[in-house]
Number of protein chains: 2
Amino acid sequence: LHSQNTRKLETFIKKIRPFDRALLFERLSNIVWKKRITEALDNSGKAELLSHLHPEDQVLAISFIERSVLGSVLDEMQNDDLARMLDHLQNDQAETLVKVMSPEEADIVQKILSYPEESAGRLMTNRVVWINPEMTVTEAVQKLRQYSKIFETIHYLYVVNDKHQIEGVVSYRDLLLAEQDDLIKRIMSDNVMSVKSYIDQEEVARLIEQYDLIAMPVVDDNEKLIGLITVDDVIDVLIQEATEDIERLSGSGKEITFKTNAFTAFARRLPWLVLLLFIGLVSGSIISGFEETLASVVALAFFMPMIAGMTGNTGTQSLAVVVRGLTTNRIDKLTVTKLLIRELLVGIMIGATCGVLIAAIGYFWQGSITIGLIVGLSLLTTLIIGTLAGTIIPLILHRFKIDPAIASGPLITTLNDILSLLIYFGIATALLTRFPI
Amino acid sequence: LHSQNTRKLETFIKKIRPFDRALLFERLSNIVWKKRITEALDNSGKAELLSHLHPEDQVLAISFIERSVLGSVLDEMQNDDLARMLDHLQNDQAETLVKVMSPEEADIVQKILSYPEESAGRLMTNRVVWINPEMTVTEAVQKLRQYSKIFETIHYLYVVNDKHQIEGVVSYRDLLLAEQDDLIKRIMSDNVMSVKSYIDQEEVARLIEQYDLIAMPVVDDNEKLIGLITVDDVIDVLIQEATEDIERLSGSGKEITFKTNAFTAFARRLPWLVLLLFIGLVSGSIISGFEETLASVVALAFFMPMIAGMTGNTGTQSLAVVVRGLTTNRIDKLTVTKLLIRELLVGIMIGATCGVLIAAIGYFWQGSITIGLIVGLSLLTTLIIGTLAGTIIPLILHRFKIDPAIASGPLITTLNDILSLLIYFGIATALLTRFPI
């Protein structure tokens, strides 16, 4: 009975898609079944499983693979997936794996890991088929057939000269539609876009998105073809970059997913919160500086959360527009000037509308024209400043290539808090000395 | 000289890629040059230009196209791009365009517009080549050749039975590697994933991402093949969805880009801010309810911004994790339970650390154990509640399929503001009656 179950599992496992196998592996709580899933697969199945698993589960799956076949499994993996896996492992674990790989594979992986993080070099696979311009269509198809096992998901053949520089590209479709004895150089397209290995992965993603490409060849400084980035890798990059933007805006620290354990999440979130706690105390000391004003008109405290909150919110709104805009637009002087003027106008319109509204409310609630004036004028001023701060700060950080994580939502909110309190109590003190209640 | 310039422009325009042409069109401030760019292109070039332009510029470009060729240009457009363009036009403009299209094209576009917004039906192109299983490779390639002008960017041929239901798929690569007289049914893969036309575009994007696909066929309720979604459309969807998440988190309202004009941006941002203004007044009235406590110890006001701010921030951090997690994870009971337990633990750890810290600071700054106790206990409580609110509220909204825009960052921040003030002044009033300063 037991071996019958195992056989059923094996049949099932082989029938489903690699992504679903990885999902099943991760979802099963029973470690024995995880082991059986791994063992049911052949070497290339094992390689695909490893490519689709999250780092923690990769370690587990590796432990289920016999030492004698581990080298072959690793050699079957796409080398960008392999490099990514090694990058996440502890040093000693990674070294053990490098030892069982074939020397060529180990060299390639070391090479990939030598490229800067989040660069094109890290993302590319070196499994790219090249042909030369003097081949005929038949010869090109022969070469493709020869390498077809290894290069499964690629839709183009790149044409290189004897210096291995890209001269052109033919798609499988071009090959199908051509005559058997056509020369490659006659049917190839010579308008090929490529990127250098050190280019940021976000830039590559943007190019692939804008030009609707399926793949982007990677070249070295001598324009030699060294690898290929495919659209599925780019999709992962886009998701990762969007997640980073969101983490930035919410100050939630790096990489907290549904799978992160509580202590790690705590450790990643805490530094920000402690920093913000101290910045919050700055707000406190500003209020304490205006203690007299506040003690004379306690009602001023009633409007504090609203004014600070509104200023923070309008700043976050502007910030979101800018952070998202930075990922999809090239930034030049004209764009920045236009953006600043627009946000200034938006700030004035929002400030005027909300200012008049709250002045009226303040007057009727507290029965004092002075209080109505104080809150109205304050909100007008703080909303304009909040909008501009949310726009200018991320632009300046971007300009000086400072890690934009610093421009995160909570920081802008807290800065706007401090500014808004200074303005509010400043205006209140000035008006109350002239028109005391 | 003038005509020479025009000729140079024409040559240049024809050489660059469609995306760059659209960018140039949008960047040029001189309307005469925009007109020349449009006129320099042939019908299919004009169609591609329209596909790549933003809505405002589409209207302008359409005005440059002669009425006599407009119909042919529109017929050349991919019908998903065409539907998207009509969707953004004013009703009378759209009707004018529908009149000049060929009746078949107009029918197709009307059909696409009848699918729900953001569904697979809206995203698909109906330009899909099908073949049948009894064809030979040679016959399939002949059919491909016949339609190759129209179907430029597709990498698969779908195999359908006589009811037009999908039986399998062959890639161009399969065709290249097969023998000329192989039957399609022998070389096709029969494991084809497809989606129904009413499926949400985000679901389609997730499938394409997870299974590393290049295209996804769309079928109707009778499993008949009606269209195809390609990976480049999916990339646009992923970017759009990430942008929506960010807008949600920052409450910046719908669709504000660098190109939105000031008044539109103002109108889109205002409703949220006015709502938040009134919610902020609720905070105010809570404080006014504790006026006596506050008047007796004005120093309590010093810690208000810090406590409200920290609670808001920790809530936003949790919210970001959940909102982003919802787009990449399937939500089941186990996931939710695990997540809630983790966030509770994180809240307790963060609350305890920050609570002890602020209690010590409060004691040394204000020289009062009571104040230290009040702020410490309050922060512990509010941080735990803030973390849970940031987790539970979006999950509940997701469960009841309520528009998650309601769970946006500013709302959670403001709710946490109100909760934190109630807790803070509640604890303060209770402790001050027992241990007066």
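Residues numbered from 1 in each chain as written. Chains lettered and ligands numbered in written order. Predicted model: local features only at pLDDT ≥ 70, side-chain atom pairs only at ≥ 80, totals over all residues. Heavy atoms only, no water.

Visitor: Describe in detail the overall build of chain A, supporting the description with residues and values.
Guide: When helices and strands are tallied, chain A shows 21 helices and six strands. For chain A, whose C-alpha radius of gyration is 30 Å, the value lies well above the compact-globule estimate of 22 Å for 437 residues. Dimensions along the principal axes, computed over C-alpha positions, put chain A at roughly 95 × 60 × 35 Å. Per-residue burial for chain A yields a buried fraction of 54% across its 437 residues. (Helix = DSSP H or I, 4+ residues; strand = E, 2+ residues; numbered from the N terminus. Rg over C-alpha atoms; globule rule 2.2 N^0.38 Å. Buried < 20%, exposed > 50% of the residue type's maximum accessible area, 1.4 Å probe, protein only.)

Visitor: Give a description of the pattern of salt bridges that names residues and reports values.
Guide: All chains considered together, the criterion is met by 15 salt bridges over all chains. Across the pair A:Glu39 and A:Lys35 runs a salt bridge, and its minimum N-O distance is 3.2 Å. Of this pair, A:Glu39 and A:Lys35 both sit in helix H3 (residues 31-40), four residues apart, which is roughly one turn of the helix. Judged by its relative accessible area of 37%, A:Lys35 falls in the partly exposed class. Here B:Arg206 ties to B:Glu203 by a salt bridge, and the two come within 2.9 Å at their closest N and O atoms. Of this pair, B:Arg206 and B:Glu203 both sit in helix H14 (residues 201-210), separated by three residues, roughly a single helical turn. (Salt bridge = Lys/Arg side-chain N within 4 Å of Asp/Glu carboxyl O.)

Visitor: Can you tell me about the sheet that holds strand E5 (residues 215-219) of chain B, naming the residues and giving the values?
Guide: All names here are of chain B. One open sheet accounts for three strands, arranged E4-E5-E6; its pairing is mixed. The two strands at the open ends of the sheet, each matched to only one other strand, are strand E4 (195-196) and strand E6 (225-230). In this fold H14 packs onto E4, E5 and E6, with an angle of close to 140 degrees to the strand it touches most, E5. (Pairing = 2+ DSSP bridges. Contact = heavy atoms within 4.5 Å. Axes fitted to C-alpha atoms, helices over the stretch in contact; angles between N-to-C directions.)

Visitor: I'd like a description of the domain arrangement of chain A, backed by residues and values.
Guide: Domain boundaries assigned for chain A yield domain 1 (2-114), domain 2 (130-230) and domain 3 (262-434). Distance between the C-alpha centres of domain 2 of chain A and domain 3 of chain A: 52 Å. (Domains from an automatic or database assignment.)

Visitor: Requested: an account of helix H7 (residues 79-88) of chain B, with residues and values cited.
Guide: Along H7(B), seven of the 10 residues are buried, which leaves the element largely enclosed by surrounding structure. Listed as buried for H7(B) are B:Asn79, B:Asp80, B:Asp81, B:Leu82, B:Ala83, B:Met85 and B:Leu86.

Visitor: Could you give an account of the interface of chain B and chain A, naming the residues involved and the relevant values?
Guide: Between chain B and chain A, the residue contacts involve 119 residues of the former and 119 residues of the latter. In total, chain B and chain A occlude about 10000 Å² of area from one another, counting both sides; carbon and sulfur atoms represent 71% of this. Looking only at chain B, the three residues that lose the most surface to chain A are B:Leu176, B:Phe258 and B:Arg269, adding up to 9% of its buried area. Connecting chain B to chain A are two salt bridges. (Buried area = accessible area lost by both parts, 1.4 Å probe.)

Visitor: Provide a residue-level description of the sheet that holds strand E3 (residues 166-171) of chain B, including the pertinent values.
Guide: Residue and element names in this part refer to chain B. Pairing in this open sheet of three strands is mixed, and the strands run E1-E2-E3 from one edge to the other. Unpaired on one side and paired on the other, strand E1 (130-131) and E3 mark the two borders of the sheet. Of the pairings in the sheet, the one linking E1 to strand E2 (residues 156-160) comprises two bridges and is parallel in character. If you follow tryptophan 130 over to E2, its bridge partner there is tyrosine 158.

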